[in-house]
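Now for the letters of each chain:
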Amino acid sequence: NARSSGLRAATTPPQDNPASQNTVTANSPPSSGDSAISGWREDWLFGSEWDGSKTQTKPGESNNATPFRGKRTVRDDWEPKNRDVFLKFSELSLFEKLNVNVQEEEEQLRAEARRNSRESKDALTFLGTLAAVPLSVSFVTGEFIYDPMVASFAAVHPETFEVRDYQKREGSKELHGEETKLRLLANVGEAPELSEKELSQKLHEKAEHIAHEFIEENEKALSNGLADSTAIFVLVAMILVQREKWDILVETWKRLFDGFSDTGKAFLLILVTDILLGYHSEAGWTGMIEILCAHYGVEVEEEALFTFIAIVPVCIDSYFKFWVFQYLTGLSPTARVTFQTMDRH
């Protein structure tokens, strides 16, 4: 029957296949059981040639079996390395590090000192050049080139340099002060008493003098703008052409700043920040802006002035704080702590 034939087939021991025996013998070590499996796992786990995609053959399987892609748990370049990077040594041995050539080190220090001295002199010379040349260019071009040009243009187009509205307000205040002065001198007896006609004549002469001064200021403001623009152009050109000297100047400043003590660095930073960004710096910013506007003949409006003072110093302060917390820690951690402690008090 079919049931009895199936029972006989199940109870009959399977015949060994010589091909499979050869495969087992070729792909497994001469051991049995767990030792064979263990040896096979070590081959792919610690082998340097396994890349995670090669087919691994288990004991008892042929080469035509489905590829086994195991999950590797170690590095591809596995080797007994020290995991602490701070304990790695360079190519020099410990003996070479300890056995220092004193003469060679002294010679290197002397060479470095001579190089720093030479760079400091070059930086100081270049800094003086950056300050002297643009100022000289501004003065020479303003006095001998732009002033005659502006005067010639004013003679042809006098309406260009007429007295402006804010100058008229300032002139009226000055004229009123002159009138008060003449009346006071006449009343105290230090000057002869003037009639209304004489007083009006003197005030008329004073008003013409004030108007002439304002016109000259407007002409000079245009000349100053042209001369300063030329000086700035020369300054930028000098920095771009002599880029190496500019880099030397920057490196010298960094070396000078690093040479300060931590307390000196903190004091210098606090001094600069208090001058530019302190609670009393508003008067300084106001005075500086008024001087610049008068130099270029621009009216100072209070709204624009207050807006500038409310925005620009705050932006500078934010950038400075970012620099302190971002870069000063790497340059000098102690200086940062000292700066924060002094700044709080």
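The rules behind the values
- Residues numbered from 1 in each chain as written.
- Predicted model: local features only at pLDDT ≥ 70, side-chain atom pairs only at ≥ 80, totals over all residues.
- Heavy atoms only, no water.
- pLDDT = per-residue confidence, 0-100.
- Contact = heavy atoms within 4.5 Å.
- Helix = DSSP H or I, 4+ residues; strand = E, 2+ residues; numbered from the N terminus.
- Expected span 1.5 Å × (residues − 1).
- Buried < 20%, exposed > 50% of the residue type's maximum accessible area, 1.4 Å probe, protein only.
- Patch = residues over 30% accessible without salt bridge, like charges linked within 9 Å, V, L, I, M, F, W, Y side chains within 5 Å.
- Areas by Shrake-Rupley, 256 points an atom, 1.4 Å probe, with all protein chains shown as cover.
- Salt bridge = Lys/Arg side-chain N within 4 Å of Asp/Glu carboxyl O.
- Lys, Arg positive; Asp, Glu negative; His and termini not counted.
- Charge placed at Lys NZ, Arg CZ, Asp CG, Glu CD.
- 1 Å grid on protein atoms, 1.4 Å probe; cavity = no way out; pocket = protein on both sides within 12 Å on 5 of 7 lines; lining within 4 Å.
- Points joined across faces, edges and corners; volume = space filled by probe spheres on them.
- Nonpolar A, V, L, I, M, F, W, Y, C, P; charged D, E, K, R; others polar.
- Core = buried A, V, L, I, M, F, W, Y, C linked by side-chain atoms within 4.5 Å.

Asker: Help me understand the confidence of the model for the chain in this model?
Answerer: Detailed reading of the predicted model is not advised wherever pLDDT is low. Across the chain, the average pLDDT comes to 77, with 67% of residues at 70 or higher. Note that pLDDT drops below 50 for residues 16–58; the model gives that stretch 37 contacts with residues more than four away or on any other chain. Across residues 65–86 the pLDDT falls below 50, and counting only partners more than four positions away or on other chains, this stretch makes 21 contacts in the model.

Asker: I would appreciate a short explanation of helix α6 (residues 165–188) in the present structure.
Answerer: Each full turn of the α-helix corresponds to 3.6 residues, which orients residues three or four apart in the same direction. Between its terminal C-alpha atoms α6 stretches 35 Å, which fits the 34 Å expected from 24 residues at 1.5 Å a residue. Within α6, burial applies to Y166, Q167, G171 and L182. Trailing α6 by a residue or two, G189 shows a phi angle of about 85°, which is positive.

Asker: Teacher, can you tell me more about a negative patch on the surface here?
Answerer: On the surface, a cluster of negative charge is made up of E170, E174, E213, E216 and E217. Sort the elements by how many residues they give to the negative patch and helix α7 (residues 196–241) lands first, with three residues.

Asker: How should I be thinking about the layout of surface pockets in this particular structure?
Answerer: Leftover empty space is mapped by rolling, across the atoms, a probe with the size of a water molecule. Its boundaries defined by the atoms lining it, the second largest pocket holds a volume of some 340 Å³. Every residue lining the second largest pocket is counted, 19 residues in all, and those nearest its centre are Y166, E170, V298, E299 and V300. Those elements that provide at least two residues to the lining of the second largest pocket are α6, α7 and α10 (281–295). At six residues, the largest contribution of residues to the lining of the second largest pocket is made by α7. Here the residues of the lining of the second largest pocket are counted per class, giving seven nonpolar, five polar and seven charged.

Asker: How should the nonpolar core be read in this particular structure?
Answerer: General note: in soluble globular proteins, nonpolar side chains tend to be found buried as a group. Among the nonpolar cores identified, the biggest contains six residues, and these are A123, F126, L130, M238, I239 and L249. Those elements giving two or more residues to this core turn out to be α5 (102–156) and α7. In terms of residue count, the dominant contributor to this core is α5 (three residues). Excluding residues within four positions of it along the chain, L249 makes contact with A123, F126, L127 and L130. Judged by nonpolar contacts, the second largest core, of five residues, contains W285, I289, L305 and I309.

Asker: What's the story with the pattern of salt bridges in this structure? I'm lost.
Answerer: Pairs can form between side chains of opposite charge once their charged atoms are near each other. Scanning the model with the defined rule gives ten salt bridges in all. For R183, the salt bridge is made with E179, and the minimal N-O distance between the two is 3.4 Å. Taken together, the positions of R183 and E179, both in helix α6 and four residues apart, correspond to about one turn of that helix. By relative accessible area, which is 24% here, E179 ends up partly exposed. Taken together, the shared-partner salt bridges connect E106, E107, R110 and R114 into one network.

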